[in-house]
Amino acid sequence: MGLLESIDLNKLPKHVAIIMDGNGRWAKERGEDRVFGHHQGVISVREIVNACAEIGIQYLTLYAFSAENWNRPVEEVNALMELLVNTIRKEIDELDKNNVKLHIIGDFASLPAICQKELNEAMELTSKNTGLNLVLALSYSSRQEIAEAARKIAMDVAAGKLKPEDINENSFKNYLYTSEFPDPELMIRTSGEFRVSNYLLYQLAYAEFYFTNTHWPDFRKKDLIEALLNYQQRERRFGKTSEQIQTNTTQHV
Ligand code: FPP
């Protein structure tokens, strides 16, 4: 039996979130420029998106550019923005054909105008698609997202649209960038780092974390399948005991 066939399709995570780390180190190890690593990273993005669509993952969120990444050397920031625009231009018809729906989370307004235009067109083009939801986190900061949610809630309360007693976990979720997505059940970080780096802090509350030493440009379909198999071996207890889970495997919090 191949790796792919070993996956239990009834136990797939609905939502996988990935921190694509290690492009720079991958390039440095080969005596190349960091930007070369990002270009190679796009090949992994394409393969992982296709693999998720094929396997039947419903949501894939990729940390493509953090709010903190603006502090990188300007040449690298510009190269990443250019790569983003060129990749969207090049791949969007294929994504559309494969029924992928594109979403963006993050501080969209802080992106260069050309990126916003390209991304808006791509989201519009794929808006009716019903397959994989591909969520790109761009200029994303989880703390900023949570602070912004608090500000919007305060404004709604001040405007009389929301009562303070109606603020709870469920209503709070509606104010996050991710309001229309289920929480990720699996978070993968490549390149041997064991941090969350301001990524989906609220949404990852019950996620399983999977860390691998593989740098992102080397992370391909077989690596994704290994992560999914590892996830499927975990017991997700949601605060309950192992015995409770084993006697009632269908009950989730
Ligand atoms: C982390 O590697 C990677 C990034 C900050 C950017 C990720 C971007 C891509 C894979 C390409 C563009 C994406 C799309 C969706 C078109 P790093 O530079 O932090 O690596 P290092 O830790 O080894 O320096």
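It should be emphasised that the depicted structure is a prediction, and the values quoted were computed from it without experimental measurement. (Residues numbered from 1 in each chain as written. Predicted model: local features only at pLDDT ≥ 70, side-chain atom pairs only at ≥ 80, totals over all residues. Heavy atoms only, no water.)

**Q** So what's going on with the site of the ligand? Which residues, and what values?
**A** Taken together, 16 residues lie near the ligand, and Met20, Asp21, Arg25, Arg34 and Arg72 sit nearest. Contact distances for the ligand include 3.0 Å between an oxygen atom and a backbone N or O atom of Gly24. Here Arg72 contributes a side-chain N or O atom positioned 2.7 Å from an oxygen atom of the ligand. Burial of the ligand by the protein amounts to 91% of the accessible area it has alone, namely 620 Å². Considering only residue class, the shell around the ligand consists of six nonpolar, six polar and four charged. (Near = heavy atom within 4 Å. Polar contact = N/O pair within 3.5 Å; in protein donor to acceptor, adjacent residues only side chain to side chain. Areas by Shrake-Rupley, 256 points an atom, 1.4 Å probe, with all protein chains shown as cover. Nonpolar A, V, L, I, M, F, W, Y, C, P; charged D, E, K, R; others polar.)

**Q** Outline the packing of helix H3 (residues 74–97) against helix H4 (residues 113–125), listing residues and values.
**A** Running from N to C, H3 and H4 point in directions that differ by 15 degrees, and their axes come no closer than 10 Å. Taken together, H3 and H4 sit at an angle that is classed as roughly parallel. The element H3 and its partner H4 pack so that their crossing is left-handed. Residue-level inspection shows Met81, Leu84, Val85, Ile88, Arg89, Ile92, Asp93 and Asp96 of H3 in contact with H4, the latter providing Ile114, Cys115, Glu118, Leu119, Ala122 and Leu125. (Axes fitted to C-alpha atoms, helices over the stretch in contact; angles between N-to-C directions. Helix = DSSP H or I, 4+ residues; strand = E, 2+ residues; numbered from the N terminus. Parallel < 35°, antiparallel > 145°, perpendicular 65-115°, else oblique. Left-handed = near helix turned anticlockwise from the far one by under 90°. Contact = heavy atoms within 4.5 Å.)

**Q** Lay out helix H2 (residues 34–55) in plain terms, naming residues and giving numbers.
**A** Here H2 is 22 residues long and its end C-alpha atoms lie 31 Å apart, about the 32 Å a rise of 1.5 Å per residue gives. Of the surrounding elements, those touching the buried residues of H2 are strand S1 (15–19), helix H1 (23–29), strand S2 (59–66), H3, strand S4 (133–140) and helix H7 (221–232). Looking one or two places after H2, you find Gly56, whose phi comes out positive at around 105 degrees. (Expected span 1.5 Å × (residues − 1).)

**Q** Give a description of the packing of H2 against H7 that names residues and reports values.
**A** At a minimum axis distance of 9 Å, the contact between H2 and H7 shows a crossing angle of 50 degrees. Judged by the inter-axis angle, H2 sits oblique to H7. Of the two possible hands of crossing, H2 and H7 adopt the one that is right-handed. Two secondary-structure elements touch here, H2 through Glu47, Ile48, Ala51, Cys52, Glu54 and Ile55 and H7 through Lys221, Leu224, Ile225 and Leu228. Split into classes, the residues belonging to the contact of H2 with H7 amount to seven nonpolar, no polar and three charged.

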